[in-house]
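Analysis of the macromolecular model
What follows is each chain in one-letter form.
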Amino acid sequence: MSRLSLRILKQLSSSCVEKRRNGADDDDDELENLLRTQLTLKESNQPQELFHYTKTDTELKFDERLGLKVLNFSPQVSKPKAKPKSNQRRNKPKPQCSQIGADLLLGYSRFKPASPKLVYQLDDVFTALKHGLDEGLVDLRSEHIVSLRRVLLILMLIPLKQKHVKFNVIYWKNLIIIDYAWESEENDKFPNERLQQLQYSGFRFEEIVTSGDFNSRYYTFVQLVVNGVNLHYTAEIDGAIKDNVNPSGYVELKTHLKLLSSLNLQQKLLSTWCQNKLIGCKHTVIGFRSGGFRLSSLKYYSNTDLNNTTNNAPIAIDREYSLNGAKLNKWFESVIVWIQQFHKGCPEPKAFKLTFHRKPDLFDSELQFETTDEKTSQTIVDETVPEWFQTFFNE
């Protein structure tokens, strides 16, 4: 089917699933088929790092950790050893950092944000994919989806962000390539001064709380299996806990305005949970900033902390439905199954446009595939897939 209604969110609730197991029918036959597929959906494996690499200005260095920064403070919050007396207030100790009060806009005048084209380009993904093929870590005899974590995260957060987004999806042999259509951001997000300051303050926060080579960046190449379909994608890693530079020590770093409402924080925590879910990241540190972009405090969240917090305070969509991490993950798996079933690859690449249109009632909104003519399809392929990989994949 070419459309996926967000009604599937409610249909995937435990009560509706139970009715479906007992034989209840849905008015939409195509949606019902996808829901029945969900009932037999194999449990997704945990994300697995196949390899890592450091990116410099000129090359990707595989199995090199030079670009991985380490936290320059201990994020682990230990419990008080002595039980406080009943008349004493229990104060939970916070991670200590010598840079509290630091200016997160220091050096901003020299900041030049990367273009959306550079942020979302897939060139490095294809280079990493070929490395995985050469090393025998990836086998393209079965169906594979290839993308960036940041692109898959946009798909995952559609019910939460609820904004109009577009993707290009290419089917080619056993390969499905999901690319974000970033053109809508060219004249929207990045020229905004305030958003540029927010972006820079995030980079500055990383510089303050980590140590390492800031002339290079560090990435992981991940495999996730959803219903028998292999997903391969790259993700940039902000840092790692000192003395644990393996995936179990990776840390996600965020900043957040201290004065914002609790709802804003809950939305950030939920999106962070989803971001971490895609690579199995177990640690998050949030730097709370003042309205004047000063670092005011730090807070550490384990994966369990994020899960409990988002479950205890889910985001309300309407009077009857709210979102937590588990629901967004189930939505994501449904989308992946739907994309995989939509079209079967053929010897020549075929590109489709995938669009989410937000309607007044979120549950009337849809993800929709649109066909393209031969010329448009080839243009999308040429702009998405490097010429060298096209030649390699045709051999």
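Residues numbered from 1 in each chain as written. Predicted model: local features only at pLDDT ≥ 70, side-chain atom pairs only at ≥ 80, totals over all residues. Heavy atoms only, no water.

All right, on to the overall build of the chain then. The helix and strand tally for the chain stands at 14 helices and 18 strands. Considering only intrachain contacts with a sequence separation of at least 6, the fraction spanning at least 24 residues in the chain is 72%. With an accessible surface of roughly 19,900 Å², the chain has 46% of that area assigned to carbon and sulfur atoms. (Helix = DSSP H or I, 4+ residues; strand = E, 2+ residues; numbered from the N terminus. Contact = heavy atoms within 4.5 Å. Areas by Shrake-Rupley, 256 points an atom, 1.4 Å probe, with all protein chains shown as cover.)

Okay, the packing of helix α10 (residues 262-277) against helix α11 (residues 303-312) next. Where α10 meets α11, the axes come as close as 10 Å, and the angle between the chain directions of the two elements is 130 degrees. Considering their axes alone, α10 and α11 lie oblique with respect to each other. Between α10 and α11 lies a crossing of left-handed hand. The segment α10 lies against α11, with Q266, L269, L270, T272, W273 and N276 engaging N303, L306, N307, T309 and T310. In terms of residue class, the contact of α10 with α11 is built from four nonpolar, seven polar and no charged. (Axes fitted to C-alpha atoms, helices over the stretch in contact; angles between N-to-C directions. Parallel < 35°, antiparallel > 145°, perpendicular 65-115°, else oblique. Left-handed = near helix turned anticlockwise from the far one by under 90°. Nonpolar A, V, L, I, M, F, W, Y, C, P; charged D, E, K, R; others polar.)

Moving on, we come to the pattern of salt bridges. For the structure on display, the rule yields eleven salt bridges. Notably, a salt bridge pairs R204 with E207, separated by 3.6 Å at the nearest N-O pair. Separated by three residues within a single helix, R204 and E207 lie in helix α9 (residues 193-209), roughly one turn from each other. Overall, the relative accessible area of 41% leaves E207 in the partly exposed class. (Salt bridge = Lys/Arg side-chain N within 4 Å of Asp/Glu carboxyl O. Buried < 20%, exposed > 50% of the residue type's maximum accessible area, 1.4 Å probe, protein only.)

Averaged over the chain, the pLDDT score is 87; the fraction of residues at 70 or greater is 84%. Per-element averaging of pLDDT across the chain places helix α2 (residues 14-21) at the bottom with 48 and strand β3 (residues 60-62) at the top with 98. Every residue in residues 77-81 scores below 50 in pLDDT, and together they form six contacts with partners more than four places removed in sequence or on other chains. (pLDDT = per-residue confidence, 0-100.)

This brings us to the packing of aromatic side chains. Counted according to the given criterion, the structure contains 24 aromatic pairs. Aromatic side chains W172 and F393 sit 4.9 Å apart centroid to centroid with 85 degrees between the ring planes, which places their arrangement in the edge-to-face category. Here F393 lies in helix α14 (residues 387-394) and W172 lies in strand β6 (residues 165-172), a separation of 221 residues in the sequence. Neither residue differs from the other here; W172 and F393 are each classed as buried. Taking 4.9 Å as the distance between ring centres and 45 degrees as the angle between the ring planes, the aromatic pair formed by W338 and F369 counts as tilted. On the criterion of sequence distance, the pair formed by W338 in helix α12 (residues 325-342) and F369 in strand β18 (residues 366-370) is long-range, its members being 31 residues apart. The same class applies to W338 as to F369, namely buried. Through pairs of rings, three or more aromatic residues link up here, namely F126, W172, W388, F389, F392 and F393. (Phe/Tyr/Trp six-rings, centres within 6.5 Å; stacked < 30°, edge-to-face > 60°.)

Another aspect to go through is the packing of helix α5 (residues 123-134) against α14. Where α5 meets α14, the axes come as close as 10 Å, and the angle between the chain directions of the two elements is 30 degrees. On the basis of the axis angle, α5 is roughly parallel to α14. You can see that α5 and α14 cross each other, and the crossing is left-handed. Mapping the contact onto sequence places F126, T127, L129, K130 and L133 in α5 and W388, F389 and F392 in α14. Here the contact of α5 with α14 is built from residues that sort into six nonpolar, one polar and one charged.

This next bit is on the environment of W338. Looking at W338, the relative accessible area reads 2%, which means it is buried. Along the backbone, W338 and S2 are 336 residues apart, and their C-alpha atoms lie at a distance of 9.0 Å.

So, about α14. Turning to α14, its buried residues are F389, Q390 and F393. Down the axis of α14, the sector holding all buried residues measures 105 degrees, keeping them to one side. Of the surrounding elements, those touching the buried residues of α14 are α5, β6, β7 (175-180) and α13 (374-384). (Arc of directions from axis to C-beta.)

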